[in-house]
Amino acid sequence: MQFRDLPRQYEALKPQIDAAMIRVASSAHFISGPEVKELEKALAEYVGVKHCITCANGTDAITIAMRAWGIGKGDAVFVPDFTFFSSGECPADEGATPIFVDVDPETYNMDPAKLEEAIKKVIADGKYKARAIVTVDLFGLPADYDAIRPICEKYGLLLMEDAAQGFGGNIRGKMACSFGDIATTSFFPAKPLGCYGDGGAIFTDNDEWADLIRSICVHGKDTSNPNDPNAKYNNIRIGKNSRLDTIQAAILLPKLKAFRDYELEDINKVASWYTNGLKDTGLVLPIVREGFYSSWAQYTVQFADRTTRDKVQASLKEAGIPSMVYYTKPMHLQGAFAGTDSAIADCPVTEKLCDTVLSLPLDPYKTHEEIETVISQIRNAVL
Ligand SMILES: *Cc1c(COP(=O)(O)O)cnc(C)c1O
């Protein structure tokens, strides 16, 4: 069994994907080809945001958002402690100090009460200027924006939504990638919407920021005349080389259609098989609160302790079933932050989760039989 069965997805979409790759190869329009614009338009429309700017990966997307806002040295950026490294790496890369905030033990997303405590502490200490919050829509579930947006307003902070895992989720119909003042996503192959290599996108309703982001993505080019073919050689700021390849955009177009047409619905069905089959085992199962919709980047359960988790993972492996620990280490304990103020954090929930979570095999193409196999293996190991 595969953890996320990308070959099976390719089998299902082979004619469209092969045609897309051959079309781009034949046209030789490898950089900024027409498919890139077409994809940006389709993504912006799907998410319900005015601008989508694609870029090289989800990490660049966050860094570029930080740079567009001029976030840097002396600034504090609030980031959940339980996330992939990029969420905190990017603000730090721009010179800012990530302040790690504990998460809700049920949703795995940033705990709004802990967030407000952390903001108050930074303001009281006066060492850093509180500038922005990076929320993460972890494992496919949008963060608690009903609570977090008012906190942003109250303290005058910018909201950056890291939806690398959240693409396709929603809250009462409002789509992930539309909650942040700027939102970012990743098309890394294993994400909810993945391409065949690295890729990413940035979303915003703000015209000025969109312009700035387009400039930063292409060496700080002058964007005042979008039709100027030489704009790339008129560099008005320090930027990056961060673009989505045409071939990736061409692959993403039919994949986005499948994602919208059936994959999102199917992965929710697969997740519900797990929930039904595991609900009487005493494990803590993922909670999707009323009004929320998850795109299920992961199906993550919690065991009583690390020994049990490791024992179950070993027994799954024995049976040929892959599983993953997302994440093994809290952000504030990562060696990269050792000795910095980012290492100072009070995050007992994250510390416990790192010892007890396990993510199970999941994708929209899993069969009921496959999920039953995983469920019975877990039941045998814990009951
Ligand atoms: C994957 C991921 C990223 C980074 O995306 P890449 O495309 O791999 O650079 C950022 N944040 C989160 C939460 C992620 O899961």
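Above this text you will find the structure in question.
Each chain carries its own residue numbering, running from 1 in the written order of its sequence. Residues qualify for local features only when their pLDDT is at least 70, as the model is predicted, and side-chain atom pairs are given and counted only at 80 or more; totals for whole chains, interfaces and linings, by contrast, use all residues. The side-chain numbers reported here are obtained from all heavy atoms of the structure, hydrogens and water having been left aside.

**Q** Could you give an account of the sheet that holds strand β4 (residues 129-136), with specific residues and numbers?
**A** In spatial order, the strands read β1-β9-β8-β5-β4-β2-β3; together these seven strands make up an open sheet with mixed pairing. Strand pairing shows two members of the sheet lacking a second neighbour, β1 (51-55) and β3 (97-101), which therefore form its edges. Mean inter-strand twist for the sheet, computed between neighbouring axes without regard to direction, equals 25 degrees. Pairing between two strands requires that DSSP report at least two bridges joining them. Each helix is a run of DSSP H or I of at least 4 residues and each strand a run of E of at least 2, with the numbering of both proceeding from the N terminus. Note: strand β8 (residues 182-186) against strand β9 (residues 200-204), five bridges, orientation antiparallel. Axis lines are fitted to C-alpha atoms, over the contacting stretch for helices. Their N-to-C directions set the angle, which ranges from 0 to 180 degrees.

**Q** I'd like a rundown of the sheet that holds strand β7 (residues 174-175), residues and numbers included.
**A** Pairing is antiparallel in the open sheet, where three strands are placed in the order β7-β6-β10. A single partner strand is all that each edge strand has here, and the edge strands are β7 and β10 (292-293). By the bridge criterion, two bridges tie strand β6 (residues 170-171) to β10 in an arrangement that is antiparallel. Its bridge partner lying in β10, isoleucine 171 is registered against phenylalanine 292.

**Q** Explain the site of the ligand to me, and be specific about the residues and the numbers.
**A** For this description, a residue counts as near a given molecule or strand if any of its non-hydrogen atoms is within 4 Å of it. With respect to spatial proximity, 14 residues lie near the ligand, and among them Gly58, Thr59, Asp162, Ser186 and Lys191 are the closest. Pairing of N or O atoms within 3.5 Å defines a polar contact, subject to two protein rules: one partner must be a possible hydrogen donor and the other a possible acceptor, and residues neighboring in sequence count only if both atoms are side-chain atoms. At 2.7 Å, a backbone N or O of glycine 58 approaches an oxygen atom of the ligand. The Shrake-Rupley method, run with a 1.4 Å probe, gives the accessible areas here. Residue values count only the displayed protein chains as cover. Contact with the protein chains covers 93% of the free accessible surface of the ligand, which is 380 Å². Looking at the shell around the ligand, the elements with two or more residues in it are α3 (58-68) and α4 (86-93). Residues are sorted three ways: Asp, Glu, Lys and Arg are charged, Ala, Val, Leu, Ile, Met, Phe, Trp, Tyr, Cys and Pro are nonpolar, and all the rest, Gly among them, are polar. Taken together, the residues of the shell around the ligand break down into three nonpolar, nine polar and two charged.

**Q** Which residues make up helix α7 (residues 207-217), and what values do they have?
**A** Three labels apply to residues, based on accessible area from a 1.4 Å probe with only protein chains included: buried if under 20% of the type maximum, exposed if over 50%, partly exposed otherwise in between. Among all positions in α7, only Ala210, Ile213, Ser215, Ile216 and Cys217 are buried. Any two residues whose heavy atoms approach within 4.5 Å are treated as being in contact. Here the buried face of α7 lies against β1, α3, β8 and β9. The N-cap residue of α7 is asparagine 206: its side-chain oxygen and the backbone nitrogen of glutamate 208 are 3.0 Å apart. Of the residues flanking the end of α7, it is histidine 219, one or two places downstream, whose phi is positive at about 55 degrees.

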